[in-house]
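Remarks on the overall topology
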Amino acid sequence: MAHTNGNGAQSHHTQAFHRTSLSFSPPTFNGAGSFSGMMAAQAAHVPVPVPHGAAGGQSFSPTSASPSHGRSISIPAGDHASRPRLLTPFDQGDIKILLLENISQGAVALLRNQGYQVDHVTKAWSEEELIEKIGDYHVIGIRSKTRLTAKVFRKAAKLLSVGCFCIGTNQVDLEAAAKAGVPVFNSPFANSRSVAELVIGEMICLSRQLADRTLEMRAGEWNKVSKSCYEVRGKTLGIVGYGHIGSQLSVLAESMGMSVLYYDVVPLMPLGTARQVDAIEDLLANSDFVSLHVPELPETRNMISTAQLAAMKKGSYLLNNARGTVVDLPALVESLETGHLGGAAIDVYPKEPAANGPNTFTDNLNGFESRLRACKNVILTPHIGGSTEEAQKMIGTEVATALIRYINFGASTGSVNFPEVALRAITEGDKGMTRLCYVHNNVPGSLKAVNEILADYNVEKQSSDSFRDLAYLLADVANLDQADLREVYDKITKTKANILTRVLS
Ligand SMILES: NC(=O)c1ccc[n+]([C@@H]2O[C@H](COP(=O)([O-])OP(=O)(O)OC[C@H]3O[C@@H](n4cnc5c(N)ncnc54)[C@H](O)[C@@H]3O)[C@@H](O)[C@H]2O)c1
């Protein structure tokens, strides 16, 4: 329905938000706000993060988007009308971001380029420190050491989003975050290449017994041997789990002249000339190297144990850079001790030390460490598969981009605890368009209540999704003037299901 009231062409440049049940100062509908920093960034042809699939005015379906890969596109300066318009807060300085644990300077620069105020801290904060100070911030970025508990979220009255600049999100109480209407973003796949490259290196080291030769030389022993040392060319690599890492590894291994077999629970298109096998036993019986790239799941717990090790070719090698629970390590030790396996590379363990330092990888941890350390031709690394400067940089860019997309566009794609919703960008040509971001309880009648409020206006597009008890609606409404905006906003924030409502224009 067309909007009939007011001069809809007016633009407000307003972002306001209201969270029910948490104390928060009322929004200011101040149309005179500055967003010059944002516009300057656009004019300078800065890559503008947009929802996946939103380029060229195509419609965007959140369900069809890859949840894990945001992307940035650079918008040609000449095509002004179709450029995504950044939906800005009434005052850019208002978005305050706290980055703990020495998050990459690349991420800091991306966020500051948006005009956000970024406090960069090198250390993790304790729960007490967080409780005292989190109330000032709209976004917090952490790595693995800072714990965001329910108590912290209760004090985070302004918090809009959390960025975990790492792979996992165990350090965050995701349910408490969801209850507060706060999406949590991470970067689960930015280090895939680093892991795949490490596996290539490990395969060469294993087949040339490099770990043992190096140890001998360090102890002053010269031991020039070629017996049981091989090239990797012409050998077969069996990849268990053909996801982000497994498939990259496949391409790299083929370029080294290896043949690749893979096993996965889902049928997946092979890259290059790799071949999927139906049963893991086929892979184990025919591979010179077996490399594991599956997630930690009840089904993958000890998926390589005594029977599977016995099914592997004599003299073959096992590599585990996935998760510590995937291999029954005492069974692996036995296989290595009997000489059935030719060697192994292990990066991950069921229990891992909490901190770096001497005497941390001892039998006190899992009980098998000294036996494993004594095995011949074994490469042991301290969970460094994904630990490279490049991966850290990628993580910084990916998480910062996800945060920017959520703050500026309301797009929650890629969040781990939140319904994934994105609308194609509002463009410079879409004059007078306002985006409503409505985080609400997933209860019957909640959409009806909002749509009744919007019934007199022209809703150009809307999309919603739910995740457990939480639901999220994005709606682009044309030609709301200041008075309408105030009225719509007030009514939506008073709906029973409201958790957090934001208005972007
Ligand atoms: N060592 C490190 O530092 C490091 C770094 C990054 C990732 N990882 C770990 O590597 C593993 C793989 O990561 P990814 O990014 O490739 O994950 P991914 O989700 O992209 O791929 C995992 C693949 O495993 C398959 N799979 C699931 N269950 C299976 C089963 N029972 N049998 C066979 N296949 C199964 C899935 O279908 C998927 O294709 C994860 O466990 C991850 O935690 C470790």
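Worth saying up front: this structure is predicted, and the values here are computed from it rather than measured. (Residues numbered from 1 in each chain as written. Predicted model: local features only at pLDDT ≥ 70, side-chain atom pairs only at ≥ 80, totals over all residues.)

Overview of the site of the ligand
Among the 31 residues in the neighbourhood of the ligand, the closest are listed as G241, G243, I245, G385 and G386. Of all the secondary structure elements, the ones that give two or more residues to the shell around the ligand are α6 (192–207) and α8 (244–255). Its residues assigned to classes, the shell around the ligand shows 14 nonpolar, twelve polar and five charged. (Near = placed C-beta within 6 Å. Helix = DSSP H or I, 4+ residues; strand = E, 2+ residues; numbered from the N terminus. Nonpolar A, V, L, I, M, F, W, Y, C, P; charged D, E, K, R; others polar.)

Description of helix α13 (residues 389–409)
Given a rise of 1.5 Å per residue, 21 residues ought to cover 30 Å, and the 30 Å separating the end C-alpha atoms of α13 matches this to within 8%. When you tally the buried positions in α13, you get 18 out of 21 residues, the bulk of the element. (Expected span 1.5 Å × (residues − 1). Buried ≥ 20, exposed ≤ 12 C-beta atoms within 10 Å, placed from the backbone.)

Regarding the confidence of the model for the chain
Note that predicted coordinates carrying low pLDDT should not be read in detail. Averaged over the chain, the pLDDT score is 85; the fraction of residues at 70 or greater is 82%. Low pLDDT, under 50, characterises residues 1–14; the stretch is placed with 44 contacts to residues that sit more than four places away or in other chains. Taken as a whole, residues 89–93 scores under 50 in pLDDT and shows 18 contacts with residues more than four places along the chain or in a different chain. (pLDDT = per-residue confidence, 0-100. Contact = placed C-beta atoms within 7 Å.)

A closer look at the sheet that holds strand β5 (residues 117–120)
The strand order β5-β4-β6-β7-β8 describes an open sheet built from five strands, whose pairing is parallel. Among the strands making up the open sheet, the edge pair consists of β5 and β8 (184–185). Where strand β7 (residues 161–164) and β8 come together, two bridges link them in parallel fashion. In the strand pairing of β8, G163 is matched with F185. Contacts from helix α2 (residues 105–113) reach β4 (96–99) and β5 within the one sheet, and its direction differs from that of β5 by about 160°. The strands touched by α13 are β6 (139–142), β7 and β8; relative to β7, the strand with the most contacts, the crossing angle is about 170°. (Pairing = 2+ DSSP bridges. Axes fitted to C-alpha atoms, helices over the stretch in contact; angles between N-to-C directions.)

Overview of the packing of helix α14 (residues 446–454) against helix α15 (residues 482–493)
Interhelical geometry of α14 versus α15 gives an angle of 165° and a closest axis separation of 10 Å. With respect to each other, α14 and α15 are oriented roughly antiparallel. Crossing hand, α14 versus α15: right-handed. Contact residues: α14 offers V450, I453 and L454, while α15 offers V488, K491 and I492. Looking at the contact of α14 with α15 residue by residue, the class counts come to five nonpolar, no polar and one charged. (Parallel < 35°, antiparallel > 145°, perpendicular 65-115°, else oblique. Left-handed = near helix turned anticlockwise from the far one by under 90°.)

Quick word on the packing of α2 against α13
Angle between the axes and distance between the axes are the two parameters that describe a pair of packed helices. At a minimum axis distance of 8 Å, the contact between α2 and α13 shows a crossing angle of 25°. If you check the angle between α2 and α13, you find them roughly parallel. Between α2 and α13 lies a crossing whose hand is right-handed. Only K393, G396, T397, V399, A400, T401 and I404 of α13 make contact with α2, whose side of the interface consists of G106, A107, L110 and L111. Counted by class, the contact of α2 with α13 contains six nonpolar, four polar and one charged residues.

Re the pairing of strand β14 (residues 343–346)
The alternating pattern of β14 places G343 and A345 and A344 and I346 on opposite faces, both of which are buried. Read as a crossover between parallel neighbours, the route from strand β13 (residues 317–320) over helix α11 (residues 329–337) to β14 is right-handed. Looking at chain direction, β14 and strand β15 (residues 378–380) are connected through three bridges and run parallel. Bridging from a neighbouring strand, A344 pairs with V378 of β15. Handedness of the crossover is the feature at issue here: the chain leaves β14, passes through helix α12 (residues 369–374), returns alongside β15, and the resulting connection is right-handed. (Right-handed = clockwise from strand over helix to strand, strands pointing away.)

Things to note about the nonpolar core
If you look at the biggest cluster of nonpolar residues, it comprises 79 residues, and the most contacted ones within it are I97, C164, V399 and L403. It is α13 that contributes the most residues to this core, eleven residues altogether. Split by domain, the residues of this core number at least three in each of domain 1 (1–49 + 426–505) and domain 2 (95–190 + 388–418). What C164 contacts, discounting residues up to four positions off in sequence, is I142, T169, V172, V184, F185, N186 and V399. (Core = buried A, V, L, I, M, F, W, Y, C linked by C-beta atoms within 7 Å. Domains from an automatic or database assignment.)

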